[in-house]
Amino acid sequence: MSIIKPDAVREAAASAGIKSLREEVANSLAQDAEYRLREIVQEALKFKRHSRRRRLTVSDINNALRVRNVEPLYGFSFPDPIVYGTKTAADGSQVSVVEDKILEFDEVLSAPLPKAPLEISFRAHWLAIEGVQ
């Protein structure tokens, strides 16, 4: 059973501007994408095991991407793992939901303010222009 369907590959190709994608090309790309995704996840699981953690984190995925010389994911780091719970819907089926942390309003108001971010600055050095001095 394939995780990535050829229809999803065709949709991605259409969004990239490729109008017609043959069936065998879509099947081949779907299989290749699934293979590469499995490689990245297996590499990330190695990082998780070597760090002796029970949860797979975004940093594990980023480290696996770096090992494969792929640019890491930006904007997806989260310090605490997301906790999922199950709730019973009105029709009796089980639904997975994200458990929200309950905050006290007084604690939020009395917490110290975070540090202000540093301003962005650029600097050029005359020795580093195209490697010529």
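Quantities reported herein were computed from a predicted structural model and do not represent experimental measurements.

### Notes on the packing of helix 2 (residues 23–50) against helix 3 (residues 58–67)
Here comes step 1: Where helix 2 contacts helix 3, the axes come no closer than 8 Å and their chain directions differ by 120°. Comparing the axis directions of helix 2 and helix 3 gives the class oblique. Seen from above, helix 2 lies across helix 3 with right-handed handedness. Touching Ile 40, Glu 43, Ala 44, Phe 47 and Lys 48 of helix 2 are Asp 60, Ile 61, Asn 63, Ala 64, Leu 65 and Val 67, all from helix 3.
Here comes step 2: Class assignment for the residues of the contact of helix 2 with helix 3 results in 7 nonpolar, 1 polar and 3 charged.

### Comments concerning the nonpolar core
Here comes step 1: With 5 residues, the main nonpolar core is built from Ile 40, Ala 44, Ile 61, Ala 64 and Leu 65.
Here comes step 2: Elements supplying a minimum of two residues to this core: helix 2 and helix 3.
Here comes step 3: Ranked by residue count, the leading element in this core is helix 3, at 3 residues.
Here comes step 4: Ignoring sequence-local partners within four residues, the contact set of Leu 65 consists of Ile 40, Val 70, Glu 71, Pro 72 and Leu 73.

### Details of the pattern of salt bridges
Here comes step 1: With the rule as written, the count across this model stands at 8 salt bridges.
Here comes step 2: The partner of Glu 43 in a salt bridge is Lys 46, and the shortest N-O contact between them spans 3.9 Å. Within this pair, Glu 43 and its partner Lys 46 are both found in helix 2, separated by 3 residues, close to a single helical turn.
Here comes step 3: We classify Glu 43 as buried; its relative accessible area is 14%.
Here comes step 4: Since its relative accessible area comes to 39%, Lys 46 is described here as partly exposed.
Here comes step 5: In this structure, Arg 68 engages Glu 43 in a salt bridge whose closest nitrogen and oxygen atoms are separated by 3.5 Å. Of this pair, Arg 68 sits in the loop between helix 3 and strand 1 (84–88) while Glu 43 sits in helix 2, placing them 25 residues apart in sequence.
Here comes step 6: The exposure class of Arg 68 is partly exposed, given its relative accessible area of 37%.
Here comes step 7: Linked by salt bridges that have partners in common, Asp 7, Arg 10 and Glu 23 make up one network.

Criteria and thresholds
- Residues numbered from 1 in each chain as written.
- Predicted model: local features only at pLDDT ≥ 70, side-chain atom pairs only at ≥ 80, totals over all residues.
- Heavy atoms only, no water.
- Axes fitted to C-alpha atoms, helices over the stretch in contact; angles between N-to-C directions.
- Helix = DSSP H or I, 4+ residues; strand = E, 2+ residues; numbered from the N terminus.
- Parallel < 35°, antiparallel > 145°, perpendicular 65-115°, else oblique.
- Left-handed = near helix turned anticlockwise from the far one by under 90°.
- Contact = heavy atoms within 4.5 Å.
- Nonpolar A, V, L, I, M, F, W, Y, C, P; charged D, E, K, R; others polar.
- Core = buried A, V, L, I, M, F, W, Y, C linked by side-chain atoms within 4.5 Å.
- Buried < 20%, exposed > 50% of the residue type's maximum accessible area, 1.4 Å probe, protein only.
- Salt bridge = Lys/Arg side-chain N within 4 Å of Asp/Glu carboxyl O.

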